[in-house]
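Each chain, written out:
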Amino acid sequence: MSGIPRPNSGYYDRNYRQSAALIRARRPYMFKNAVLGASITAFTLAVYAYTLNVVGQDEFEDVKVPEKK
């Protein structure tokens, strides 16, 4: 069966490169996906920066440290 050529029905060629059909199919969603990815990244970085800022302001005076023996 390996000698019979199969029709090219996939979105990738035999070298695993994207075909023109796949690029055309993804084009309408590329900008929206990029904006969503940038938004999620910005939100994550904002939460991380806020957390570090809030934790850095804590004095830890109310925490009792046990004496060393």
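As shown above, the structure is provided for reference.
Report on the accompanying structure. Per chain, residue numbering runs from 1 following the sequence as it is written. Reporting in this predicted model follows two pLDDT cut-offs: at least 70 for local features of residues, and 80 or more for side-chain atom pairs to be given and counted; totals over whole chains, interfaces and linings ignore these cut-offs and use all residues. The side-chain values count all of the structure's non-hydrogen atoms but skip hydrogen atoms and water molecules.

## Concerning the overall build of the protein chain
Regarding its fold elements, the protein chain presents 1 helix and 0 strands. Each residue is placed in one exposure class: buried if its accessible area under a 1.4 Å probe, protein chains only, is under 20% of its type's maximum, exposed if it is over 50%, and partly exposed if it falls in between. Counting every position in the protein chain, which comprises 69 residues, the buried fraction comes to 3%. Every accessible area reported is derived by Shrake-Rupley at a probe size of 1.4 Å, with residue values counting cover from the shown protein chains alone. Just so you have it, the protein chain exposes about 7300 Å², and 61% of that area is on carbon and sulfur atoms. Runs of H or I in DSSP of at least four residues are treated as helices and runs of E of at least two as strands, each being numbered from the N terminus.

## Some thoughts on a nonpolar patch on the surface
Taken together, the side chains of Val 55, Phe 60, Val 63 and Val 65 make up a nonpolar region of the molecular surface, amounting to roughly 400 Å² of accessible area. You can see Val 65 is positioned in the segment after helix H1 (20-57). Assessed through its relative accessible area of 67%, Val 65 is described here as exposed. Patch criteria: residues need more than 30% relative accessible area and no salt bridge. Like-charged residues are merged within 9 Å; nonpolar side chains of Val, Leu, Ile, Met, Phe, Trp and Tyr are merged within 5 Å. A pair is scored as a salt bridge if a Lys or Arg side-chain nitrogen falls within 4 Å of a carboxyl oxygen belonging to Asp or Glu.

## Structural notes on the pattern of salt bridges
A side chain of one charge can pair with a side chain of the opposite charge when the charged atoms of the two come close. Counted according to the given criterion, the structure contains 1 salt bridge. In this structure, Asp 13 and Arg 17 form a salt bridge, with 3.1 Å as the shortest nitrogen-oxygen distance. Given the relative accessible area of 28%, Asp 13 is considered partly exposed.

## Considerations on the side chain of Ser 19
Within the secondary structure, Ser 19 is located in the segment before H1. Throughout, a residue-residue contact means that at least one pair of heavy atoms, one from each residue, lies within 4.5 Å. When near neighbours in sequence (up to four residues on either side) are disregarded, Ser 19 contacts Gly 10 and Tyr 11.

## Quick look at a negative patch on the surface
Charge convention: Lys and Arg are scored as positive, Asp and Glu as negative, and His as well as the terminal groups of each chain are ignored. Lysine's charge is taken at NZ, arginine's at CZ, aspartate's at CG and glutamate's at CD. On the surface, Asp 58, Glu 59, Glu 61 and Asp 62 cluster together to form a negatively charged patch. Among the structural elements, Glu 61 can be located in the segment after H1. On the basis of relative accessibility, which here comes to 67%, the residue Glu 61 falls in the exposed class.

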